[in-house]
Amino acid sequence: PALLQMSGSQPQLGRGAPCLRCRGLCTGFEPHSWRKICKSCKCSQEEHGPSSELDDDRKIGRLLSDSKYSTLTARLKGGDGARIYKRNRMIVTNPNISGKDPTFDTITYEWAPPGLTQKLAMQYMELVPKELQPVAGTDGAWQRRRRLARQLPLHDQDPAQCRGLADGEHRLMEEFVKRYKAEALGVGEVALPGQGGGGKEEEEKPQDKSIDPGRAPESPNGALESAAGHYRCDTCQQPVPGDCPVVYADRAGYSRQWHPACFVCCRCAEPLVDLIYFWKSGAAWCGRHYCESLRPRCAGCDEIIFSEDYQQVEGLAWHNKHFACLECETLLTGKPFALAKASLLCTTCSQSR
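Procedures and definitions
Per chain, residues are indexed from 1 in the order of the written sequence. The model is predicted, so local features are restricted to residues of pLDDT at least 70 and side-chain atom pairs to those at 80 or more, both for listing and for counting; the totals for chains, interfaces and linings are taken over all residues. Only hydrogens and water are set aside when side-chain values are computed; all heavy atoms of the structure are taken into account. Confidence of the predictor at the level of single residues is given by pLDDT, which spans 0 to 100. Pairs of residues are marked as contacts when any of their non-hydrogen atoms sit within 4.5 Å. One bridge is not enough; two strands pair if DSSP finds at least two bridges between them. We count a stretch as a helix when DSSP gives it H or I for four or more residues in a row; a strand needs E for two or more, and each element gets its number in order from the N terminus. Here, axes are lines fitted to C-alpha atoms. For helices the fit covers the stretch in contact, and angles between N-to-C directions go from 0 to 180 degrees. The term nonpolar core refers to a set of buried residues drawn from Ala, Val, Leu, Ile, Met, Phe, Trp, Tyr and Cys, joined through side-chain atoms within 4.5 Å. The cut-offs for exposure are 20% and 50% of the maximum accessible area for each residue type, with area from a 1.4 Å probe on protein chains only; residues under the lower value are buried, those over the upper are exposed, and the others partly exposed. Note on disulfides: each one is a pair of cysteine sulfur atoms within 2.5 Å.

Where an unreviewed UniProt entry is consulted, the protein chain appears under the name LMCD1 protein, with the organism given as Hylia prasina.

Student: What is the right way to read the confidence of the model for the protein chain from this model?
Tutor: Note that predicted coordinates carrying low pLDDT should not be read in detail. Per-chain confidence: the protein chain averages 84 in pLDDT, with 83% of residues scoring 70 or above. Counting contacts from residues 1-15, a segment whose pLDDT is below 50, to residues more than four positions away or on other chains yields 43 contacts. Counting contacts from residues 201-228, a segment whose pLDDT is below 50, to residues more than four positions away or on other chains yields 41 contacts.

Student: How should I be thinking about the sheet that holds strand β6 (residues 185-187) in this particular structure?
Tutor: Taking strand neighbours across the sheet as the criterion, the three strands line up as β6-β9-β10 in an open arrangement whose pairing is antiparallel. Each having just a single partner strand, β6 and β10 (283-285) make up the two edges of the open sheet. Going from strand to strand, the sheet's axes swing by 45 degrees on average, the running direction of each strand aside. Across three bridges, strand β9 (residues 276-280) lies against β10 in antiparallel orientation. The partner of Phe278 across the bridge, within β10, is Trp285.

Student: Just to check I follow, could you spell out the side chain of Arg144 for this structure?
Tutor: Inspection of the secondary structure assignment puts Arg144 in helix α3 (residues 139-151). Those residues in contact with Arg144, other than ones at most four positions away along the chain, are Tyr85, Arg87, Glu110, Trp111, Pro134, Val273 and Asp274.

Student: Can you walk me through the nonpolar core in this structure?
Tutor: The tendency in soluble globular proteins is for nonpolar side chains to be buried side by side. Within the largest apolar cluster, 59 residues are counted, with the highest numbers of intra-cluster contacts made by Phe263 and Phe278. When residues in this core are grouped by element, the largest group, five residues, is from helix α2 (residues 118-126). In this structure, Phe278 is in contact with Leu63, Leu152, Tyr180, Ala184, Leu185, Ala283, Ala284, Trp285, Cys286, Gly287 and Tyr290, ignoring residues within four places of it in sequence. Within the second largest apolar cluster, 16 residues are counted, among which are Trp318, Cys325, Leu344 and Cys349.

Student: Looking at this structure, I do not really get the state of the cysteines. What am I missing?
Tutor: The term disulfide refers to a covalent linkage connecting the sulfur atoms of a pair of cysteines. The final tally for this structure, using the stated rule, is zero disulfides. Of the cysteine sulfurs around Cys236, a residue in no disulfide, the closest is that of Cys233, at 3.7 Å.

Student: Can you help me understand the environment of Pro153 in this one?
Tutor: Within the fold, Pro153 resides in the loop between α3 and α4 (169-183). Since its relative accessible area comes to 5%, Pro153 is described here as buried. Ignoring anything within four residues of it in the chain, the contact list for Pro153 reads Lys59, Arg288 and Arg297.

Structural data, given as structure tokens:
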């Protein structure tokens, strides 16, 4: 049988790497003073490679701390009191006995659902598209970390990472974060159908019964079907076999379940990284789009806007001080400008492109 091991994070540095999109034209990430892009090539940090695994685990540790999911974090020894994500890495070792001397094939998953038996964890992974399985050294692991950067930006939870906050807005952001941790943040649980929450009945669990008015009515997924042993995925509405693991979201109640590949953000349809979701209007959202559903996001600095006085053009928003040309940084309030791929350009820079 395969040997299953769980271990902690191993830091891998990724900052300052050449931009992948620019193919060598940009030699390394040079941070802009307030935009979340490279000053040299205008591409994002993601295009230059992800941050280190340790930084990622610190970020999720911060997100889950002071929430009911803090058990997924641990306090760093000798640290500053911050908590770090106890990311569940899974190492599977399979014996290869085809040759004369037995050898071992080792596969490392950079993340796996915690608290599962070896068999159930592997069943879960097999239900995830192969290209998205976070096997170390593969594109699936790379895509997981890119989704982590996109879905859970640090500047959506830490005021110290924000450059767009005005005096008095730090408190507003702290209250915003405290509220979403209490009311919306969740981490999916993997179990066999009917066994979510330890097999508890849905009445024992609080759930959000509010329904998005733009969403089609859902077929009943509750006691009658469950009692008969019939389960359906909440997203695709296809039947779920009783021996296949599913994802539960405790904020949705345990009468609803999802195929592993169907637990995605209702806005962008991306798989929810490490099953971290935000529950609103009867649906699961990624962190980025949940925050944007409550407050506008600045197209210049990518931060949530807490001021009621900001610029809006064609459905996009900017802090007043960030309503500026991408190239020369000239403020464009009251001046002519061009909008190209969500970026502002003054008339001079637009004509010189």
